[in-house]
Amino acid sequence: MDVRELMTGSSSPASPSRFLIVTVGERYLALNAESICGLMTLETIGNVGNPTVHDKVYRAINLADRLSVPNDQGGPNTRVVLLSERKVHGSIRVTTVQGLLEFPLSQVLPLPRQFRGPERHWYRGMILFSKSIVLVLNTTWVLDERMSGFEGNSG
Amino acid sequence: MLRTGQKHQRETSRQSWQLLVFSVGGRRLAVKTVDVSGISQWNESIPVAGRTPFVTAVVRQWQTVLPVFDLAASLHLTVQGSSPLCLKVRHPLGEMAMRIDEEIPVLHTFDPAALQTYQGDDLPAEGSYTNGLDEIPILSVSRLGSTV
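How each quantity is defined
Throughout this document, residue positions are counted from 1 along each chain, in the order its sequence is written. Working convention: letters from A go to chains and numbers from 1 go to ligands, in the order in which they are written. Residue-level local features of this predicted model are given only where pLDDT is at least 70; pairs of side-chain atoms are given and counted only at 80 or more, and the full residue set underlies all totals for whole chains, interfaces and linings. The side-chain quantities take in all heavy atoms of the structure and omit both hydrogens and water. Helix and strand assignments follow DSSP, with helices taken as H or I runs no shorter than four residues and strands as E runs no shorter than two, numbered in order from the N terminus. Residue exposure (1.4 Å probe, protein chains only): buried if accessible area is under 20% of the type maximum, exposed if over 50%, otherwise partly exposed. Lining residues are those with an atom within 4 Å of a point, where the points come from a 1 Å grid over the protein atoms alone and group into cavities, where a 1.4 Å probe fits but cannot get out, or pockets, open sets with protein on both sides within 12 Å along at least five of seven lines. Grid points are joined across faces, edges and corners, and a volume is the space filled by probe spheres set on the points. Ten residue types, Ala, Val, Leu, Ile, Met, Phe, Trp, Tyr, Cys and Pro, are classed as nonpolar, four, Asp, Glu, Lys and Arg, as charged, and the remainder, Gly among them, as polar. Two rings from Phe, Tyr or Trp (for Trp, the six-membered ring) form a pair when their centres sit within 6.5 Å of each other. Planes less than 30 degrees apart are called stacked, planes more than 60 degrees apart edge-to-face, and all others tilted. Following DSSP output, two strands are said to pair if at least two bridges run between them. As a rule, the C-alpha atoms of each element are fitted with a line to give its axis, helices using only the stretch in contact, and angles between N-to-C directions run from 0 to 180 degrees. Take the buried residues of types Ala, Val, Leu, Ile, Met, Phe, Trp, Tyr and Cys, join any two whose side-chain atoms come within 4.5 Å, and each joined set is a nonpolar core. Contacts are residue-level and defined by heavy atoms, with any inter-residue pair within 4.5 Å sufficient. Note on definitions: buried area is the accessible-area loss of two parts on being combined, 1.4 Å probe, summed for both. Each salt bridge in this description consists of a side-chain nitrogen of Lys or Arg and a carboxyl oxygen of Asp or Glu lying within 4 Å of one another. Two N or O atoms count as a polar contact when they lie within 3.5 Å, although within protein this holds only if one can serve as hydrogen donor and the other as acceptor, and sequence-adjacent residues are included solely when both atoms are side-chain atoms. Per-residue confidence from the predictor is reported as pLDDT, a score between 0 and 100.

Undergrad: It is not clear to me how the overall build of chain B should be interpreted in this structure. Could you clarify?
TA: When helices and strands are counted, chain B shows one helix and twelve strands. Reading the helices (α) and strands (β) of chain B from amino to carboxyl end gives β-β-β-β-β-β-β-α-β-β-β-β-β. For chain B, with 148 residues in total, the buried portion stands at 48%.

Undergrad: I tried to follow empty space enclosed by the protein on my own but got confused; where do I start?
TA: Over the atoms rolls a probe the size of a water molecule, and its path tells where empty space is left. Scanning all chains against the criterion turns up one cavity of 30 Å³ or more. Of the volumes computed, that of the largest cavity is approximately 30 Å³. Lining the largest cavity, in full, are Gln114(A), Arg116(A), Val55(B), Phe69(B), His91(B), Met96(B), Leu144(B), Gly145(B) and Ser146(B). Grouping the constituent residues of the lining of the largest cavity by class yields four nonpolar, four polar and one charged.

Undergrad: Where do I start with unusual backbone geometry in this structure?
TA: Most peptide bonds take the trans form, and the phi angle of most residues other than glycine is negative. One non-glycine residue, Glu26(A), adopts positive backbone phi at about 65°. Within the element layout of this structure, Glu26(A) appears in the loop between strand 1 (16–24) and strand 2 (27–32). Look at His76(B): it is not a glycine, yet its phi comes out positive at around 60°. Classification of His76(B) as exposed rests on a relative accessible area of 74%.

Undergrad: Could you clarify how one ought to interpret the packing of aromatic side chains in this entry?
TA: The geometry of an aromatic ring pair is captured by the separation of the ring centres together with the interplanar angle, meaning the angle of the planes. Scanning the model with the defined rule gives six aromatic pairs over all chains in all. A ring pair is formed by Trp122(A) and Trp141(A), whose centres lie 5.1 Å apart and whose planes are at 20°; its orientation type is stacked. Placement of Trp122(A) in helix 4 (residues 119–122) and of Trp141(A) in helix 5 (residues 139–143) is noted, with a sequence separation of 19 residues between them. Note on accessibility: Trp122(A) and Trp141(A) belong to one class, buried. Look at Phe110(B) and Tyr129(B): their rings are 5.1 Å apart centre to centre, the planes differ by 40°, and that puts the pair in the tilted class.

Undergrad: Would you mind going over the sheet that holds strand 3 (residues 36–41) of chain A with me for this structure?
TA: Residues and elements named next belong to chain A. Pairing in this open sheet of four strands is mixed, and the strands run 3-7-8-6 from one edge to the other. The strands lining the two open edges of the sheet, one partner per strand, are strand 3 and strand 6 (59–61). Pairwise comparison of adjacent strand axes, ignoring direction, gives a mean angle of 30° for this sheet. Pairing analysis gives three bridges linking strand 6 to strand 8 (residues 88–94), with the strands arranged parallel. Looking at the pairing, Arg59 lines up with Gly90 of strand 8.

Undergrad: Could you clarify how one ought to interpret the nonpolar core in this entry?
TA: If you look at soluble globular proteins, the nonpolar side chains tend to sit buried side by side. Membership of the largest hydrophobic core comes to 57 residues, with the highest contact counts inside it found for Tyr123(A) and Leu71(B). Residues within four places of Leu71(B) in sequence aside, it is in contact with Phe22(B), Val24(B), Leu29(B), Met98(B), Leu139(B) and Leu144(B). The next biggest cluster of nonpolar side chains, apart from the first, holds nine residues, and it includes Phe19(A), Ile127(A), Phe129(A) and Val134(A).

Undergrad: Any chance you could explain the pairing of strand 12 (residues 134–139) of chain B here in plain terms?
TA: Successive side chains on a regular strand alternate, one facing one side of the sheet and the next facing the other. Residues and elements named next belong to chain B. Bridge count between strand 11 (residues 125–131) and strand 12: six bridges; the pairing is antiparallel. Following the sheet pairing, Ser128 is matched in strand 12 by Pro137. Taking the residues that link successive antiparallel strands as the turn, the strand 11-strand 12 hairpin has two residues, and the phi of Gly132 there is positive, at about 65°.

Undergrad: Would you take a moment to explain the interface of chain B and chain A for this structure?
TA: Often, the extent of an interface is quoted as the loss of accessible area upon association of its parts. Contacts between the two partners involve 23 residues from chain B and, on the opposite side, 28 residues from chain A. When chain B packs against chain A, the two sides together hide about 2000 Å² of surface, and 62% of this comes from carbon and sulfur. Our count for the chain B to chain A interface comes out at zero salt bridges. Applying the counting rule to chain B against chain A returns nine residue pairs in polar contact (both at pLDDT 80 or more). Counting residues per element, the ones that place at least two in the side of chain B that touches chain A are strand 5 (46–47), strand 6 (57–61), strand 7 (64–68) and strand 9 (94–100) of chain B.

Undergrad: Help me out: how do you make sense of the confidence of the model for chain A in this one?
TA: Predicted coordinates in regions of low pLDDT should not be interpreted in detail. The predicted model of chain A averages 85 in pLDDT, with 85% of residues at 70 or higher. With pLDDT under 50 throughout, residues 1–11 of chain A is counted as low confidence; its partners more than four residues away or in other chains account for 25 contacts.

Undergrad: Quick question: what am I supposed to make of the sheet that holds strand 9 (residues 96–104) of chain A here?
TA: Remark on secondary structure: sheet strands pair via backbone hydrogen bonds, oriented parallel or antiparallel. Residue and element names in this part refer to chain A. Strand order in the open sheet made by the five strands is 9-1-2-11-10, with mixed pairing throughout. For this open sheet the edge positions go to strand 9 and strand 10 (123–129), each flanked by a neighbour on one side alone. Direction aside, the axes of adjacent strands within the sheet are offset by 35° on average. As defined by bridge partners, strand 1 adjoins strand 2 across six bridges and the pair is classed as antiparallel. Considered in strand 2, the bridge of Val24 is made with Arg27.

Undergrad: Would you explain the side chain of Thr139(A) in this entry?
TA: All names here are of chain A. Along the chain, the position of Thr139 falls in helix 5. On the basis of relative accessibility, which here comes to 3%, the residue Thr139 falls in the buried class. In this structure, Thr139 is in contact with Ser35, Leu83 and Glu85, ignoring residues within four places of it in sequence.

Below, the structure is given as structure tokens:
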């Protein structure tokens with residue numbers, strides 16, 4: 001499924017933006033839909049490390065490892081999210097896909113300033129969701145190759 | 001949710017400090033009431049992956065999201081009781097929540113002339129006072145998360 005084909009609209013702060021809500025390590029995370037190229041099952045991608053779709057290689061990124069959260073992406077609901085931003089491609093495994101949420105960027109809450117570590121680069125903010133919150137992932141950080149094997153292993 | 005310290009209740013001079021004495025893992029600590037913004041029942045916290053020591057979760061209270069400072073973990077203690085409380089403090093970076101024991105905090109009027117230097121180095125303190133055999137540190141809220 002090409003998610004971008006289903007989505008149109010701008011990303012100005014006032015107008016609604018679409019986020020794909022997923023879970024990883026029992027945390028709700030949001031991905032800006034504009035960066036999403038597709039959703040695949042483990043069966044669809046087969047036994048390859050880096051999924052290739054339409055001749056584009058989506059480098060596998062271990063997001064759970066990068067975030068130091070439990071690696072629970074092997075169940076029947078696991079999906080592979082294909083991401084692309086500024087001609088950089090990557091793919092992440094998520095435990096579940098909750099669905100799409102439309103939300104004005106202006107209503108994304110900032111991460112409290114008491115969070116002072118590198119996580120300030122990991123998230124673009126928070127969204128109130130049901131009785132919980134969703135952390136909006138910074139796709140640029142997710143796709144940054146230099147970060148792989150760096151922060152994720154530093155404790 | 002507060003009770004007044006009976007032994008220490010007396011005429012309040014203009015220079016006196018109003019303290020809130022609470023417990024974490026059975027250990028008694030104090031904080032100035034001017035640094036306290038509220039006490040309520042503890043709502044389940046929401047973990048946030050990150051690297052900031054002892055700030056690894058938030059609590060949601062209606063439309064407000066507060067960062068949680070894990071004071072118990074910073075002191076290598078475990079919060080006691082099945083109905084812990086949420087102590088909200090005024091931190092310079094914004095309101096912050098801490099999970100404390102279910103024991104109801106006590107208000108205490110304190111004469112700053114009796115302020116001692118806190119002997120420990122396990123938490124940021126404005127000083128301490130002696131209560132019986134106990135040394136009770138007065139938490140420096142503004143330095144929480146920066147020096148521990």
